[in-house]
Structure formats: C-alpha cells, structure tokens
Amino acid sequence: MTPTSGDSALAPVRLARIGGDGIGPEVVDAAVRIVDAVCGDRIEWVEAEMGWGIFERTGRALPEATVTILAGCAGALFGAVSSPSHAVDGYRSPIVDLRRRLDLYANVRPLRAGAIDAVVVRENTEGLYAGRERWQREGEVAIAERVISRRATERTVRFACELALSRAARRGPSPRLTVVHKANVLRLSDGLFRETALEVAAGFPEIEVEEQLVDSMAYRLILEPERYDVIVAPNLYGDILSDAGAALVGGLGVVGSANCGERFCLAEPVHGSAPDIAGRGVANPVAAVASAALLLDRVGLGNAAARVQEVLAEHGAAGPRTPDRGGGGKTEKAVADLLRRV
C-alpha cells in the first residue's frame, strides 16, 4: 500500500474527522483507514465533535471548540447527524449551522454508475433551508420564507460551470449545464435564480446550457439519467434531486458529498445516521469513502482522490455487499476488501 505521489501538497494536510451520531463514527473510521492507506503520512487528522449526542451532553450541537479546530484545518470529514423531527429548545442542525459559519456555499453530490456520470451542485446556504419560519396563527398556519439572492446564486453557478469544464477536461465530452428552477410559478425567487444562472453561464461559452423545471427534471432524471452532466439548483431542489438520483446508482449508502467554500471543504456521506443499525457492524462505508475522495480532491490531493475512486470502482464491481446493497457483508469485510485493493 504505497502512498500516492505527485500531488501538490508537500507538508501534511491537516484535516478534521468528526464522527457525529449513529453510524457516523463507524463509517468515518473506515474512510480514514482507506485514506491513510492511500496517502500514507500526507494527512494529519485531528478529532472534533458535533451532533445530537454532544448536544444532549453539553447543550451545544456545534461546540465553539470544534469551530476553532476547523479554523486550523483545510477541510473535514463528517459522518452523520441525528436531528429530532420535533422542536427542541436550543437545538439547531449543526451541519446547517456550520455551512453558514464557514460559508460553504456549494454542495456537490456526484452520481456515478455505469453510463451515469452526473453531479448535482446545489446552493447550500439559503432557499427554504434559510430557516426563516414563523407562525401566522400558532398551531394553525405556519409561514416559511424562501430566500434567493443574486450573490449566492452567482457563486454557486460559477462553481458549477468551473466544475463542468474540469470534468470535460478529464472525460472528453463537451460540458453541459442544466439549470433547474420553477420560475414559471415562483416568478420572483426562482425567476431571480434562473436569470442570474443564465447570466453567469453566458460567461462560459464552451458549456452547453439548458433549463429544466424541477418537476420535469425529477421525471427526466429517472428516465434518462445518462444524458446529464452538471445539474445546478436551489437548495431544496438540489437536495431532493440528488437523493432521487442516488437510487439510480446504488442507493444512499454509496453516494458521497462535499460542502465547498473558498477556503474549506466539509465532506459527508449523503446517508443519515441510521440509528437502527448503529453499532451492529453492517453500515456501508462506501459513501464515506467517496466523500473522502471529494475532500482529497478539494484540498489539492487530486492523485490520491483519483486512486480512492479507482479502489471504489473495483470494490463496487466485485467486492462484498453490505445489507443495504442486498448482501450479507459486514462493514469490516467491506473495509478489508477496499484496503486489499489500495
């Protein structure tokens, strides 16, 4: 297991590992083992905490100590968070909070299997997830404000366009950008997203640009997923489309994601904390490993990221399957197979 050479960083890259809740610690530990096998001593890992578990212990889901640790890192690998479905005084999702505090404005979720090779880029800081909710009549009528800004849209779409160009440079086919909205109904908010997205995309003449209404996009993504390249959407639309797309490529257990800003990347598997299987040793580590590959690429270790992707492809083709993929393999068996292929 020889460390990958040829990457830009010479000194070790400092990354945080944050297990979180449920199966999070298990899959993060698995991903760290694969990364270390590929990178050798190129990574310096530091521990940090956030999630529902630490909130129950301390009253803070995102401790300031964690924010301080992350300020000294190039990125982090996060497992999962268990958030209650009912209101809890003092609690807010730490991952949503962290995205805002570190200005992680673009969420990247690749969808890759067979002829499918697409990536969903969602705006990551506003939309309905801005969290502006209020009672108009308590217990009877609730109001949620949806926030779309030109600034947030511009930088997310620019990120998506640059990603499309870099993917084309590696893969060969001409880049394509699909702008998803519902401007025919939400004329102000989605209208601003659409107008801004098309203005930004016009600055990238090499990219073929198309539009899709979000409901039509959901249908077409399922019907012909292989035709898509980079899909860019407001926060909620991107979240739903990427989860739907995960069903086409093997399920949530194999899809990674990265929350990207100008100076920091927080990578996390798309699956949740799965408390029903936590501690049973059957969690699929692939999504966390795929997230780690995205993290490596963002922090300048592109060769190592490519090697991890190769290992994942080999494992997916012939490796043992965990129960979420219809097999009987344990987490440790999957990790051993991944390590064997490094």
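About the criteria used
Residues numbered from 1 in each chain as written. Predicted model: local features only at pLDDT ≥ 70, side-chain atom pairs only at ≥ 80, totals over all residues. Heavy atoms only, no water. Helix = DSSP H or I, 4+ residues; strand = E, 2+ residues; numbered from the N terminus. Buried < 20%, exposed > 50% of the residue type's maximum accessible area, 1.4 Å probe, protein only. Polar contact = N/O pair within 3.5 Å; in protein donor to acceptor, adjacent residues only side chain to side chain. Contact = heavy atoms within 4.5 Å. Pairing = 2+ DSSP bridges. Axes fitted to C-alpha atoms, helices over the stretch in contact; angles between N-to-C directions. Salt bridge = Lys/Arg side-chain N within 4 Å of Asp/Glu carboxyl O.

Caption draft 1: The arrangement of the side chain of T178 in detail. Tracing the backbone shows T178 in strand β8 (residues 176-181). Judged by relative accessible area, T178 falls into the buried class, the value being 0%. A polar contact is formed between the side chain of T178 and the side chain of E210, at a distance of 2.6 Å. In this view, T178 contacts E210, Q212, M217, Y228, V230, I231 and V232; residues no more than four positions away in its chain are not counted.

Caption draft 2: Examining the sheet that holds strand β2 (residues 43-47) more closely. Spatial strand order, β2-β1-β3-β12-β11-β4-β5-β10-β8-β9: ten strands in an open sheet with mixed pairing. Each edge of the sheet is formed by a strand with only one pairing partner; in this case those strands are β2 and β9 (208-213). Across the sheet, the mean angle from the axis of one strand to that of its neighbour is 25 degrees, orientation sign disregarded. Both strand β11 (residues 256-260) and strand β12 (residues 265-269) contribute to a ladder of five bridges, which runs antiparallel. Of the residues in β12, the one forming a bridge with G256 is P269. Lying over the sheet, helix α7 (residues 214-223) contacts β8, β9 and β10 (230-233), oriented at roughly 105 degrees with respect to β9.

Caption draft 3: Just the pattern of salt bridges, in detail. Under the counting rule described, the total for this entry stands at 28 salt bridges. A salt bridge links R17 to D29, with the nearest nitrogen and oxygen atoms 3.6 Å apart. Linking R17 in strand β1 (residues 13-20) with D29 in helix α1 (residues 24-39), this pair joins segments that are twelve residues apart in sequence. R17 gets classed as buried once you look at its relative accessible area, which sits at 16%. Taking the relative accessible area as the measure of exposure, D29 reaches 32% and is therefore partly exposed. One continuous salt-bridge network, built from bridges that share partners, spans R109, R122, D239 and D243.

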